[in-house]
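Chain and residue survey
Letter by letter, the chains look like this.
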Amino acid sequence: MSNWRMIRVLFVRELLKMVKEPSRLVGIIVQPLIFWVVIGSGFVPSFRVADNASLGYQDFFFVGIIAMVILFSAIFSTITLIDDRNSGFMQAVLVAPGGRFALVLGKVLGISALAMIQASLLIMIGALCGFSMAQTDWALLVLFLLLGSMALASLGFVFAWGSSSTAAYHALMGMILIPLWILSGAMFPPDTAWMKVVVLVNPIAWLVSGLRAAFAGGVAPLGSVVPALTMDVCLIALAIFAAVMIGLGSWLCRKG
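Rules and cut-offs
Residues numbered from 1 in each chain as written. Predicted model: local features only at pLDDT ≥ 70, side-chain atom pairs only at ≥ 80, totals over all residues. Heavy atoms only, no water. Helix = DSSP H or I, 4+ residues; strand = E, 2+ residues; numbered from the N terminus. Rg over C-alpha atoms; globule rule 2.2 N^0.38 Å. Buried < 20%, exposed > 50% of the residue type's maximum accessible area, 1.4 Å probe, protein only. Areas by Shrake-Rupley, 256 points an atom, 1.4 Å probe, with all protein chains shown as cover. Lys, Arg positive; Asp, Glu negative; His and termini not counted. Charge placed at Lys NZ, Arg CZ, Asp CG, Glu CD. Expected span 1.5 Å × (residues − 1). Polar contact = N/O pair within 3.5 Å; in protein donor to acceptor, adjacent residues only side chain to side chain. Phe/Tyr/Trp six-rings, centres within 6.5 Å; stacked < 30°, edge-to-face > 60°. Lys NZ or Arg CZ within 6 Å of the ring centre and 35° of its normal. Salt bridge = Lys/Arg side-chain N within 4 Å of Asp/Glu carboxyl O. Contact = heavy atoms within 4.5 Å.

1. Examining the overall build of the chain
- Secondary structure summary: the chain contains 11 helices and 0 strands in total.
- Sequence-ordered secondary structure for the chain, helices as α and strands as β, is α-α-α-α-α-α-α-α-α-α-α.
- The C-alpha atoms of the chain give 18 Å as radius of gyration, which agrees with the globular expectation for 256 residues (18 Å, within 12%).
- Overall, the C-alpha framework of the chain stretches about 60 × 35 × 35 Å when taken along its three principal axes.
- Taken over 256 residues, the chain has a buried fraction of 51%.
- If you sum the accessible surface of the chain, you get close to 11400 Å²; carbon and sulfur atoms cover 72% of it.
- Here the chain holds 14 positive side-chain charges and 9 negative ones, and the gap between their average locations is 14 Å.

Here it is as structure tokens:
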């Protein structure tokens, strides 16, 4: 019961932060939306996918923008973990009844809920702006949003727990996660051999490929993803990655 209470408290606390700081919710959505409109408009005339002339850049890039929203939500939410440690809140949680796994899971689930809310709002805006939802497998889309949010939130937790300051955390994010998003197939299809290798081991690419498949009814459009990243592969890879990161976060909490 103490574990469930800890999970519930940390989960609700993340949602309350969003209520108290609505500017963070707006900022995480508006910035990627501007990227989609500005960058997407600029690449429309020159974007072509071999063997798939019907795939326009606005539609292609929108899926990458959804992944960006989830990534930004994970980054900005897990950075509060550093503030919680410095303020003494996390020390109080560590000595409270409940295990380290419950601590990590409660934080990750709260961040995942925020990321899914923000991604859902962006999807609604995208639909109003002309992004086609006709073939969307909604159950599959929700599943990928959930697994992707948990995977990136738990990864952010691991980075934040190991960071001594917010400056160090920002440096890690800028050096690792942002390049991973760029090399995930979010902005352009992975055509070169080395990029395809990076995509295969890139958790953000698993999310992007899965979302493309979900919006297309189960199979990603031809030429938009690496063929090896099928829907089933992406689902399994994201689930395993999230579980491993949550386990690693729990171990780091026990270690101190």
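Okay, back to it.
2. Side note on helix 7 (residues 138-161)
- The terminal C-alpha atoms of helix 7, which comprises 24 residues, lie 34 Å apart, in line with the 34 Å expected from a rise of 1.5 Å per residue.
- Most of helix 7 sits out of view: 19 of its 24 residues are buried.

3. Observations concerning helix 10 (residues 203-215)
- If you check helix 10, its first and last C-alpha atoms are 19 Å apart, about what 13 residues at 1.5 Å a residue would give, namely 18 Å.
- In terms of burial, helix 10 is a largely internal element, 13 of the 13 residues being buried.
- Between the side-chain oxygen at the start of helix 10 and the backbone nitrogen of Ile204 there is a gap of 3.0 Å, and the oxygen is on Asn202.
- Where helix 10 ends, the next residue or the one after it, Gly217, has phi of about 90°, a positive value.

4. A short note on the packing of aromatic side chains
- In total, this model carries 8 aromatic pairs according to the counting rule given.
- Taken together, the ring pairs in this structure connect Tyr57, Phe60, Phe61 and Trp181 into an aromatic cluster.
- Geometry around Trp161 places Arg85 over its ring, the cationic atom sitting 4.4 Å from the centre.

5. Some points on the pattern of salt bridges
- Enumeration according to the criterion identifies 3 salt bridges in this entry.
- Among the ionic pairs, Arg13 bridges to Asp84, the shortest N-O distance being 3.0 Å. With Arg13 in helix 1 (residues 2-20) and Asp84 in helix 4 (residues 80-87), this residue pair connects regions lying 71 residues apart in the sequence.
- Taking relative accessible area as the criterion, Arg13 reaches 21% and is therefore assigned partly exposed.
- On the accessibility criterion, Asp84 (6% relative accessible area) is buried.
- As a salt-bridge pair, Glu14 and Lys107 come within 2.7 Å of each other at their nearest N and O atoms. A residue pair is termed long-range when its members are at least 10 positions apart, and Glu14 in helix 1 and Lys107 in helix 6 (residues 100-128) qualify at 93 residues.
- On the basis of relative accessible area, Glu14 is assigned to the buried category, the value being 1%.
- Residue classification places Lys107 among the buried positions, given a relative accessible area of 3%.
- Through salt bridges with shared partners, one network takes in Arg13, Glu14, Asp84 and Lys107.

6. As for the side chain of Asp84
- A polar contact of 3.0 Å, which involves the side chain of Asp84, links it to the side chain of Arg13.
- Sequence-distant contacts of Asp84, that is, excluding residues within four places in its chain, are made with Arg13, Lys17, Phe89, Met90, Gln91 and Lys107.

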